[in-house]
Amino acid sequence: MSRGKFITFEGIDGAGKSTHISFVASLLHDLGHTVVTTREPGGTPLGEKLRELLLSENMHLETEALLMFASRREHLAQVIEPALARGDWVVCDRFTDATFAYQGGGRKLERAKLEALEAWVHPHLQPDLTLLFDVPLEVARERLARSRNLDRFEQEKADFFAATRDEYHRRAQQFPQRFRIIETIRPVAEVNALIDGLIREFARA
Ligand code: TMP
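Residues numbered from 1 in each chain as written. Predicted model: local features only at pLDDT ≥ 70, side-chain atom pairs only at ≥ 80, totals over all residues. Heavy atoms only, no water.

Caption draft 1: The UniProt feature "binding site: ATP" (unreviewed entry) in the chain, seen in detail. UniProt feature "binding site: ATP" (unreviewed entry): in the numbering of this structure it lies at Gly-11, Ile-12, Asp-13, Gly-14, Ala-15, Gly-16, Lys-17 and Ser-18. None of the other annotated residues line the largest pocket; only Ile-12, Asp-13, Gly-14, Ala-15, Gly-16, Lys-17 and Ser-18 do. Tracing the chain through its elements places Gly-14 in the loop between strand 1 (6-10) and helix 1 (21-30). Relative to the assigned elements, Gly-16 resides in the loop between strand 1 and helix 1. Apart from residues lying up to four places away in sequence, Gly-16 is in contact with Phe-133 and Arg-143. (UniProt positions renumbered as here; feature names shortened; annotations may be inferred. 1 Å grid on protein atoms, 1.4 Å probe; cavity = no way out; pocket = protein on both sides within 12 Å on 5 of 7 lines; lining within 4 Å. Helix = DSSP H or I, 4+ residues; strand = E, 2+ residues; numbered from the N terminus. Contact = heavy atoms within 4.5 Å.)

So, in structure tokens, the structure goes:
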């Protein structure tokens, strides 16, 4: 039994990532894979409790980074690693790139601290493919302005999201072999066609 593939979805809030997750999961299913769809923070009963705290409670920046990695540690042990070992494909809404982008870029936590946590929690695992959903900052802001009940991150100011987005782009440049940037300013049908081609190509490789 060969190991499954690990696909992550990333992007700033309002970039349009979530709309495409079920599309990718059902495409992979049609291609014959068993798919586990999950998310961070969250993905386990404990992780979902941590998510609630992370999205609502004010806390020290380092507490926030540590809780993101605590949720991730549990998620890896309970869900991600067993699924990949079984040969399932894991489609995960955010992973460690989000911590570099939000806590590192947005909140300015030193990158070395995040690298230390990453080396502790998942020294040998990286996504096989990362889809980075991207729109100009103003478009993401407009989309967010239309939604109600914004969480603690979504309520952040434009400069926070500009720095978060910049860090995502820096990561995409650092790891070009696994990152693909999807510009969601285009019509949904066009974006779907693009993702369809990209996933089929990845699944064949
Ligand atoms: P979601 O709305 O895409 O589910 O993500 C929840 C929020 O958590 C989102 O605003 C980004 C934030 N987040 C971080 O700040 N760091 C992380 O490591 C992860 C996984 C998410």
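Moving on from the coordinates now.
Caption draft 2: Representation of the nonpolar core within the structure. Membership of the largest hydrophobic core comes to 39 residues, with the highest contact counts inside it found for Ile-7, Phe-9, Ile-12, Tyr-102, Leu-131, Ile-195 and Ile-199. Among the elements that make up this core, the one with the highest residue count is helix 8 (residues 188-204) (five residues). Within the second largest apolar cluster, 18 residues are counted, among which are Phe-69, Ala-83, Leu-109 and Leu-117. (Core = buried A, V, L, I, M, F, W, Y, C linked by side-chain atoms within 4.5 Å. Buried < 20%, exposed > 50% of the residue type's maximum accessible area, 1.4 Å probe, protein only.)

Caption draft 3: Highlighting the UniProt feature "domain: Thymidylate kinase-like" (unreviewed entry) in the chain. The feature "domain: Thymidylate kinase-like" (unreviewed entry), as annotated in UniProt, sits at residues 9-195 in this numbering. The straight-line gap between the two end C-alpha atoms of residues 9-195 is 12 Å; of that span, 56% is helix and 12% is strand.

Caption draft 4: Main features of the site of the ligand. The immediate surroundings of the ligand are formed by 14 residues, with Lys-17, Arg-51, Arg-94, Thr-99 and Gln-103 found nearest. Between Arg-72 and the ligand, the recorded distance is 3.2 Å, taken from a side-chain N or O atom to an oxygen atom. Protein chains bury 94% of the 480 Å² of accessible surface belonging to the ligand in isolation. At a threshold of 2 Å from the grid points, most atoms of the ligand map onto the largest pocket. Of all the secondary structure elements, the ones that give two or more residues to the shell around the ligand are helix 2 (45-56), helix 3 (61-86) and helix 4 (96-106). If you tally residues by element for the shell around the ligand, the top one is helix 4, at four residues. Split by residue class, the shell around the ligand holds six nonpolar, two polar and six charged. (Near = heavy atom within 4 Å. Polar contact = N/O pair within 3.5 Å; in protein donor to acceptor, adjacent residues only side chain to side chain. Areas by Shrake-Rupley, 256 points an atom, 1.4 Å probe, with all protein chains shown as cover. Sits in = over half its atoms within 2 Å of the grid points. Nonpolar A, V, L, I, M, F, W, Y, C, P; charged D, E, K, R; others polar.)

Caption draft 5: Geometry of the sheet that holds strand 1. Strand order across the open sheet formed by five strands is 2-3-1-4-5, with parallel pairing between neighbours. Edge positions in the sheet fall to strand 2 (35-39) and strand 5 (179-183), since each of these pairs with one other strand and no more. Within this sheet the neighbouring strands show an average axis-to-axis angle of 20 degrees, counted without direction. Where strand 1 meets strand 3 (residues 89-93), four bridges bridge the pair, whose relative direction is parallel. Each bridged residue has a counterpart across the sheet, and for Phe-6 the counterpart in strand 3 is Val-90. Here helix 8 sits on the sheet and contacts strand 1, strand 3, strand 4 (129-134) and strand 5; the angle it forms with strand 4, its principal contact strand, is near 170 degrees. (Pairing = 2+ DSSP bridges. Axes fitted to C-alpha atoms, helices over the stretch in contact; angles between N-to-C directions.)

Caption draft 6: Local environment of the packing of helix 2 against helix 3. With their axes 9 Å apart at the nearest point, helix 2 and helix 3 run at an angle of 160 degrees to one another. Considering their axes alone, helix 2 and helix 3 lie roughly antiparallel with respect to each other. In terms of crossing hand, the pair formed by helix 2 and helix 3 is left-handed. The segment helix 2 lies against helix 3, with Leu-46, Gly-47, Leu-50 and Leu-54 engaging Glu-64, Leu-67, Met-68, Ala-70, Ser-71 and Glu-74. (Parallel < 35°, antiparallel > 145°, perpendicular 65-115°, else oblique. Left-handed = near helix turned anticlockwise from the far one by under 90°.)

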